[in-house]
Amino acid sequence: MLEIYQGPLPTFEIYQKLDMMARGDNLGANCIFVGVVRDEDGISGLSFDIYEPILKAWFEAWQIRIKDQGGLLYMAHSLGDVACNESSFMCAILSPKRKVALSFFDKFVEDFKHNAPIWKYDLKDNRRIYAKDRSNPLPHSGLLG
C-alpha cells in the first residue's frame, strides 16, 4: 500500500492502521521506519515533489519482492511542505516472523533514497531551494541518461 499525503504525515493514524493490519492478518513482525525533518542549516522545513507514475511502478516491484517472501509493504510520503520536527516519510514491512521484515528493511530504504522519483527542497528564508547536495540522480534520467 502506497499513500501520498499533502503536507506532514499523520504518524499516529498511520501507526494505528499498521497495528490493525498486523493484528488482523496475524503478522507477528511490524517493522516501521519514520523519517523526521531535522532542524539543521537554518531551514524551516523541507518541500517535496513526486512523480507518481514512476513511484507507483517502483513501489509495486518492491511489493512483489516482499510478498513473494510472505511479507506486506506499506509506504507513505509527503507532497509539498513539511516543517522541521514533522514526518515526511514512513514505511513498514509486516511479516509472519521478523526474519523476512528485517531482511528487506535496509535494502528497501536505501533503494528508496536512490531510486524513488521524489525531489527534496530546503525551505529557507521563505524560499524553496533544491537540495542538490543531499539528492541522488535517478538512473536513466536526463538527456543522456
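Since we're looking at a predicted model, the values are computed, not measured. (Residues numbered from 1 in each chain as written. Predicted model: local features only at pLDDT ≥ 70, side-chain atom pairs only at ≥ 80, totals over all residues. Heavy atoms only, no water.)

**Q** What is the right way to look at helix α2 (residues 52-67) in this model?
**A** A turn of α-helix holds 3.6 residues, and therefore any two residues three or four places apart point the same way. The end-to-end C-alpha separation of α2 is 22 Å, in line with the 22 Å expected for 16 residues at 1.5 Å each. Buried residues of α2: Leu55, Trp58, Phe59, Trp62 and Ile66, and no others. Each buried residue of α2 lies within a common arc of 95° when the element is viewed along its axis, so the set occupies one face. Residues Pro53, Ile64 and Lys67 are exposed on α2 and point more than 90 degrees away from its buried face. Of the surrounding elements, those touching the buried residues of α2 are β1 (2-6), β3 (45-50), β4 (72-83), β5 (87-95), α3 (98-115) and β6 (118-124). (Helix = DSSP H or I, 4+ residues; strand = E, 2+ residues; numbered from the N terminus. Expected span 1.5 Å × (residues − 1). Buried < 20%, exposed > 50% of the residue type's maximum accessible area, 1.4 Å probe, protein only. Arc of directions from axis to C-beta. Contact = heavy atoms within 4.5 Å.)

**Q** Sorry, what's going on with the pairing of β4 here?
**A** Across a regular strand the side chains alternate sides, sitting on one face of the sheet and then on the other. Bridge count for β1 against β4 is five bridges, and the pairing is parallel. From the neighbouring strand, leucine 2 faces β4, where its bridge partner is methionine 75. Pairing analysis gives four bridges linking β3 to β4, with the strands arranged antiparallel. Across the sheet, glycine 45 pairs through a bridge with alanine 83, a residue of β4. Relative to β5, β4 runs antiparallel, the two being bridged by six bridges. If you follow leucine 73 over to β5, its bridge partner there is isoleucine 93. (Pairing = 2+ DSSP bridges.)

**Q** Got a minute to help me understand the environment of threonine 11 in this structure?
**A** Mapped onto the elements, threonine 11 comes out in helix α1 (residues 11-24). Along the primary structure threonine 11 and alanine 76 are separated by 65 residues, whereas in three dimensions their C-alpha atoms are 9.5 Å apart.

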